[in-house]
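Structural characterization, general
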Protein chains: 2
Amino acid sequence: MKELAKDILIEKGVSPSYHRLKVLEYLLENRNHPSADDIYRKLIEEIPTLSKTTIYNTLKTFVESGLVESFNILQNEVRYEYNLNPHAHFLCKKCGKIYDLPDYDNCLKNQIIAGHEIHDHQINLSGICKNCREKE
Amino acid sequence: MKELAKDILIEKGVSPSYHRLKVLEYLLENRNHPSADDIYRKLIEEIPTLSKTTIYNTLKTFVESGLVESFNILQNEVRYEYNLNPHAHFLCKKCGKIYDLPDYDNCLKNQIIAGHEIHDHQINLSGICKNCREKE
DNA sequence: TACAATTTTGTAATCATTACATAATTGAAT
DNA sequence: ATTCAATTATGTAATGATTACAAAATTGTA
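The rules we used
- Residues numbered from 1 in each chain as written.
- Chains lettered and ligands numbered in written order.
- Predicted model: local features only at pLDDT ≥ 70, side-chain atom pairs only at ≥ 80, totals over all residues.
- Helix = DSSP H or I, 4+ residues; strand = E, 2+ residues; numbered from the N terminus.
- Expected span 1.5 Å × (residues − 1).
- Buried ≥ 20, exposed ≤ 12 C-beta atoms within 10 Å, placed from the backbone.
- Arc of directions from axis to C-beta.
- Contact = placed C-beta atoms within 7 Å.
- Near = placed C-beta within 6 Å.
- Nonpolar A, V, L, I, M, F, W, Y, C, P; charged D, E, K, R; others polar.
- Least-squares fit on C-alpha atoms with pLDDT ≥ 70 in both.
- Core = buried A, V, L, I, M, F, W, Y, C linked by C-beta atoms within 7 Å.
- Domains from an automatic or database assignment.
- Pairing = 2+ DSSP bridges.

**A closer look at helix α4 (residues 52-64) of chain A**
Residues and elements named next belong to chain A. In this model α4 runs 18 Å from its N-terminal to its C-terminal C-alpha over 13 residues, within 8% of the 18 Å that 1.5 Å per residue would give. For α4, the set of buried residues is I55, T58, L59 and F62. Projected down its long axis, α4 carries its buried residues within an arc of 100°, all on one side. Opposite the packed face of α4, turned more than 90 degrees from it, sit the exposed residues T53 and E64. Buried positions along α4 lie against α2 (18-29), α3 (36-43) and β2 (79-81). Of the residues trailing α4, G66 is marked for its positive phi of about 75°.

**What to know about the protein's contact with DNA strand C**
In the vicinity of DNA strand C, 23 residues are found, and the nearest of them are V78 of chain A together with S17, H19, T53 and T54 of chain B. Contributions of two or more residues to the surface near DNA strand C are made by α3 and α4 of chain A together with α2 (18-29) and α4 (52-64) of chain B. Ranked by residue count, the leading element in the surface near DNA strand C is α4 of chain B, at four residues. Of the residues belonging to the surface near DNA strand C, the class tally is six nonpolar, 13 polar and four charged.

**Observations regarding the protein's contact with DNA strand D**
Looking at DNA strand D, there are 22 residues lining it, with H19, S51, T53 and T54 of chain A together with V78 of chain B nearest. Contributing elements (two or more residues each) for the surface near DNA strand D: α2 and α4 of chain A together with α3 (36-43) and α4 of chain B. Its residues assigned to classes, the surface near DNA strand D shows five nonpolar, 13 polar and four charged.

**Some details on the relation of the copies chain A and chain B**
Of the transformation superimposing chain A on chain B, the axial component is 0.0 Å and the angular component is 180°, with the fit at an RMSD of 0.0 Å. Both copies of the chain, as the preceding transformation shows, are related through a two-fold rotation axis. In terms of C-alpha distance to the rotation axis, chain A has I123 of chain A as its closest residue, with the C-alpha 2.3 Å off the axis. When the interface residues of chain A are mapped onto chain B, 100% of them again fall at the interface, so both copies present the same face.

**Quick notes on the nonpolar core**
The biggest cluster of nonpolar side chains holds 25 residues, and the ones touching the most others in it are F90 of chain A together with F90 of chain B. Broken down by secondary-structure element, the contributors of at least two residues to this core are β3 (88-92), β4 (98-101) and β6 (116-128) of chain A together with β3 (88-92), β4 (98-101) and β6 (116-128) of chain B. When sequence neighbours within four positions are dropped, the list of residues in contact with F90 of chain A reads I98, Y99, L101, L125 and S126 of chain A together with H116 of chain B. In this structure, V23, L24, L59 and Y80 of chain A belong to the second largest nonpolar core, which totals 15 residues.

**Comments concerning the domain arrangement of chain A**
All names here are of chain A. The assigned domain composition of chain A is domain 1 (2-81) and domain 2 (88-135). On a C-alpha basis, the centres of domain 1 and domain 2 stand 22 Å from each other. Across the contact, four residues belong to domain 1 and five residues belong to domain 2. Along the lines of polarity and charge, the residues of the side of domain 1 that touches domain 2 split into two nonpolar, one polar and one charged.

**Here we look at the environment of V68 of chain B**
Residue and element names in this part refer to chain B. Relative to the assigned elements, V68 resides in the loop between α4 and β1 (69-71). The buried category is assigned to V68, around which 22 C-beta atoms lie within 10 Å. Remark: the alpha-carbon pair of V68 and H89, spanning 21 residues in sequence, is separated by 15 Å.

**Describing the pairing of β3 of chain B**
All names here are of chain B. A large share of β3 lies buried, amounting to five of its five residues. The side-chain alternation of β3 yields two buried faces, one formed by A88, F90 and C92 and the other by H89 and L91. Sheet topology places β3 next to β4; four bridges connect them, and they run antiparallel. Note that in β4 the partner of L91 across the bridge is I98. Once β3 ends, the chain turns through five residues before running back antiparallel as β4, passing G96 with a positive phi of about 85°. Relative to β6, β3 is paired through four bridges, and the arrangement is parallel. For F90, the partnering residue across the bridge sits in β6 and is L125.

If you want it as structure tokens, here you go:
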């Protein structure tokens, strides 16, 4: 995983510093759409000097270089993920879990709609997830 | 417009207080997806005692009663609108304007996808708008 | 008019994110 | 290996949207 993270960074032209490797490894291993704070709280366990600003700087670098995607399905915090395949997000309003829905992305990227040039798009769904429905 | 706002409130079961009428009238007249602060800054001109908490309370009431929709196309603030027809949002990253795209909503509401029950959905697009493209 | 319920106000708190100056680390050249 | 400049990380303070909450005002109704 460590080598994979390094290769990914180098390929995207991001120099692979220690902290960047750690953040990317976290994102590769945790596909649960973490917040900046989630990542910080986990990594500070093994990097006691870690600063939260470093997490924000790193995530900003990753998003700008197209390595990681951020999305605003919650109104109070940004979530991040390593998943470059097109997909929609589903938020369960009961348990708070976020799911990827690979088949529900209309791929409008790079299209022109009503004269507007689409660069990015997010599809955010919400409701009650399968798990929570089965519990009822 | 004043009577229309009152009728809308009553129909949705929201008692039509003075401030609620003013906020809804603003939303009916301003279809530019304002923030809570946009609404506050405009209304305080004619209601000098207006509190920002009132704006937040009112918007919360409106969203909960299905009268107004909120969406998170920006990562730092919530935007609001009165537009009950299905539509997507497009944010121009150059001029910051938000457009409605009536034909780009896949209407997943009330469907079940991968076992999850969809209650709400938002489609957020971004890029360069028609206006900004023509200026270049 | 009285009174209870609802709505509004104002202040303070919360919390994610950013600004910025300083310190540490890195990588290349000698 | 050493030096040095450039990049990256740190830590504190600031920002800004939103919420909590208690007191004051308003409303609708009897």
